[in-house]
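# A structural walkthrough
Each chain is listed here by its residues.
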Amino acid sequence: MTVADHPKCGAGGLGCEVLKNLALSGFTDIHVIDMDTIDVSNLNRQFLFRAADVGKPKATVAAEFVMRRVKGVTITPYYGAIQDKGPDYYMQFQLVICGLDSVEARRWINATLVDMVDPENQESLKPLIDGGTEGFKGQSRVILPTLSSCYECSLDMLTPRAAVPMCTLASIPRQPAHCIEWASILEWPRIMGDKKLDNDDPEHITWLYEKALERAKEFNITGVTYSMTQGVVKNIIPAIASTNAIIAASCCNEALKIITSCSPFMNNYMMYMGDEGVYTHTFEHEKKEGCPVCGTLATDYEASGEWTLDEFIERLKEKPDIQIKKPTLSTERRKLYYAGPPQLMEMTRPNLDKKLKDLMDSGEEVAITDPGLPFSLRLNVIFSK
Amino acid sequence: MLKIWSMKQQQAASNAEGGPKKKKVTAAQLRAQKDITELALPSTMRTNFPDPEDILNFTLTIEPDEGMYKGGSFNFTFAINQNFPHEPPKVKCTQKIYHPNIDLEGNVCLNILREDWKPVLNLNAVIVGLQFLFLEPNPSDPLNKEAAEDLRLTRENFKRNVKSSMQGGYIKNVQFDKVLK
Ligand SMILES: [Zn+2]
């Protein structure tokens, strides 16, 4: 999801709230991205949608609704994935607010905004405000790409999805969810072979539901339903309207403070727990040393395009501040040299005799890993004239 | 907004960076690169990349030199997605083998592939875990219930069944793949 004046955001549970708050706070130019269409089950809390809207894109319907209701605001919807758009698109915004429901999408927008930062261009630094909720819990945070702790820095802190051991699913299911997971993880591939399970295909969900129901009967487990099947397969945690409202309010406050400088903005992470009363804790999440997105910003390295890759590696090894011994190097489009395993080493060895200018363009980023480096290193290799 | 930029300028003064913006290697890809090139494989294991351009999909062959599965050659596919290392790699055995922790479809019951996966773990830990499954099959985490029961009841009988399964024999009307090297 997106905001312009430019904020930009999604249009789901959090998105509806954020869009409403932004419009009522006086933002006049907002863009919203969302790849979902409206489902009947959204109507209870995604208040910008009506029964007649079922099946239509959330972004479009939300934009129209808020524009009808709030005079003077322009909302531009985009129905699609955030990944459809590149840096040129994100460059038009002043900041980005996201209420995404997937780790993958969050990692993507985070990495994209970090990459966009160009020290020569003030406009390229786009604050990212990220909100998320899970039942009665939620968090909001402000990320200043390259300056403060990013999403990737705290990835290890995320509680992974509580998984049940495979053998429990296979032999001693105890809960309805175990039967559903058994159907999707073990039974689907067994019966369907290579056919990919599509979580959005009602026929596929029905198939899983029926299999799970049979299995539940066999183990005397009750409670398997179609909507539960959908929830387990899509990993949906029940959304609580008030949690969404609280987190969205926090995100919008931060957007307002950043844009208007009326008050200092959050530094930089707020967690909210509503399961036992109301508890919030705001703290500064620190940048992680060696974060693969923001901790290893590419440094410029001057080289001659006439050097062979081998020569380049030897010179890197001589640099006392790098300390590499057995490096592996790659660019976004190709492997330059792999120090192992044997098959990849054989394949990339001929590159050692090639000239840098035949392997990469000047300014291209080379990512280096080495057993001696706990993290990775990124160099923008710039050819000297 | 201006204040944020002055923070950036202070940082830039102490930090040389910049240059034209080019596409970067993704965090998942970079972590996979590090894990794969730093695998410490003993002589009983080797990797194969069917498409060497794609490091996110490969196979691992394990040839145990001790234990009940000695003499066999076992193949596993590894599939790493863009959520790595937040999510574990997906690992499957490509052969039908008689093992209490591996079912007939090739699913593997190994805690670090599911409930105990953490981003700080690496591919080497997974590979060590797989190797261990062949040295110490574990009847208390059954994925193939018959095999687990067999192992629990009489170790000797289980051993015989493992031998015959590895030769492509039948156990309780199920034919297993010949996996002798
Ligand atoms: Zn970071």
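Residues numbered from 1 in each chain as written. Chains lettered and ligands numbered in written order. Predicted model: local features only at pLDDT ≥ 70, side-chain atom pairs only at ≥ 80, totals over all residues. Heavy atoms only, no water.

## Points about the coordination of the zinc ion
All names here are of chain A. At 2.2 to 2.3 Å from the zinc ion lie its protein donor atoms, namely Cys150 (SG), Cys153 (SG), Cys291 (SG) and Cys294 (SG). Taken together, the 4 donor atoms coordinating the zinc ion and their angles of 96 to 118° define a geometry best described as tetrahedral. For the zinc ion, the donor residues sit on a single chain with the sequence spacing C-x2-C-x137-C-x2-C. Here the two residues Cys150 and Cys153 agree in accessibility, since each one is buried. (Donors = N, O, S within 2.8 Å, 3.2 Å for Na, K, Ca; no water. Tetrahedral: all angles 85-135°; square planar, octahedral: opposite > 155°, others 65-115°. Buried < 20%, exposed > 50% of the residue type's maximum accessible area, 1.4 Å probe, protein only.)

## A closer look at the sheet that holds strand 3 (residues 74-79) of chain B
Residues and elements named next belong to chain B. Spatial ordering of the open sheet is given by 1-2-3-4, a layout of 4 strands whose pairing is antiparallel. Either end of the sheet is taken by a strand with one partner, and the two such strands are strand 1 (45-48) and strand 4 (90-93). Neighbour-to-neighbour, the strand axes of the sheet open up by a mean angle of 25°, direction not taken into account. Taken together, the 4 bridges between strand 3 and strand 4 define a ladder with antiparallel strand orientation. By the bridge assignment, Phe76 is partnered in strand 4 with Cys93. On top of the sheet, helix 3 (residues 123-135) reaches strand 1, strand 2 (57-62), strand 3 and strand 4; it is set at about 150° to strand 3, its chief contact. (Pairing = 2+ DSSP bridges. Helix = DSSP H or I, 4+ residues; strand = E, 2+ residues; numbered from the N terminus. Axes fitted to C-alpha atoms, helices over the stretch in contact; angles between N-to-C directions. Contact = heavy atoms within 4.5 Å.)

## Brief notes about the confidence of the model for chain B
All names here are of chain B. Looking at chain B, pLDDT values average 88 and 89% of them are 70 or higher. Averaged pLDDT values over the elements of chain B bottom out at 61 in helix 1 (residues 2-14) and peak at 97 in strand 3. Scoring of the predicted complex yields 0.75 for pTM and 0.81 for ipTM. (pLDDT = per-residue confidence, 0-100.)

## A closer look at helix 5 (residues 155-166) of chain B
All names here are of chain B. End to end, helix 5 covers 16 Å across 12 residues, agreeing with the expected 16 Å (1.5 Å per residue, within 8%). Here helix 5 has its buried residues at Phe158, Asn161, Val162, Ser165 and Met166. One side of helix 5 carries all its buried residues, which in axial view fall inside an arc of 130°. For helix 5, exposure combined with an orientation more than 90 degrees from the buried face picks out Arg160 and Lys163. In this structure, the buried residues of helix 5 make contact with strand 3, helix 4 (145-153) and strand 5 (170-171). Downstream of helix 5 by one or two residues, Gly168 has phi in the positive range, about 95°. (Expected span 1.5 Å × (residues − 1). Arc of directions from axis to C-beta.)

## With respect to the UniProt feature "active site" (unreviewed entry) in chain B
Under the UniProt annotation, "active site" (unreviewed entry) lies at Cys109 of chain B. Residue placement: Cys109 of chain B occurs in the loop between strand 4 and helix 3. When neighbours within four sequence positions are excluded, Cys109 of chain B is seen to be in contact with Met166 and Cys167 of chain A together with Asn101, Leu133, Asp141 and Leu143 of chain B. (UniProt positions renumbered as here; feature names shortened; annotations may be inferred.)

## Considering the UniProt feature "domain: UBC core" (unreviewed entry) in chain B
UniProt annotation of "domain: UBC core" (unreviewed entry) refers to residues 27-171 of chain B when read in the numbering used here. Structurally, residues 27-171 of chain B comprises 31% helix and 15% strand, and the distance from its first C-alpha atom to its last is 45 Å.

## Overview of the pattern of salt bridges
All names here are of chain A. The final tally for this structure, using the stated rule, is 22 salt bridges over all chains. For Glu254, the salt bridge is made with Lys257, and the minimal N-O distance between the two is 3.0 Å. Of this pair, Glu254 and Lys257 both sit in helix 9 (residues 241-260), 3 residues apart, which is roughly one turn of that helix. Both residues of the pair, Glu254 and Lys257, belong to the buried class. Between Glu365 and Arg378 there is a salt bridge, with the nearest N and O atoms lying 2.8 Å from each other. Here Glu365, found in strand 13 (residues 364-369), pairs with Arg378, found in strand 14 (residues 376-383); they are 13 residues apart in sequence, far enough to count as distant. You can call Glu365 buried: its relative accessible area is 3%. Classification of Arg378 by relative accessible area gives buried; the value is 3%. In this structure, a network of salt bridges that share partners links the residues Glu306, Lys355 and Lys357. (Salt bridge = Lys/Arg side-chain N within 4 Å of Asp/Glu carboxyl O.)

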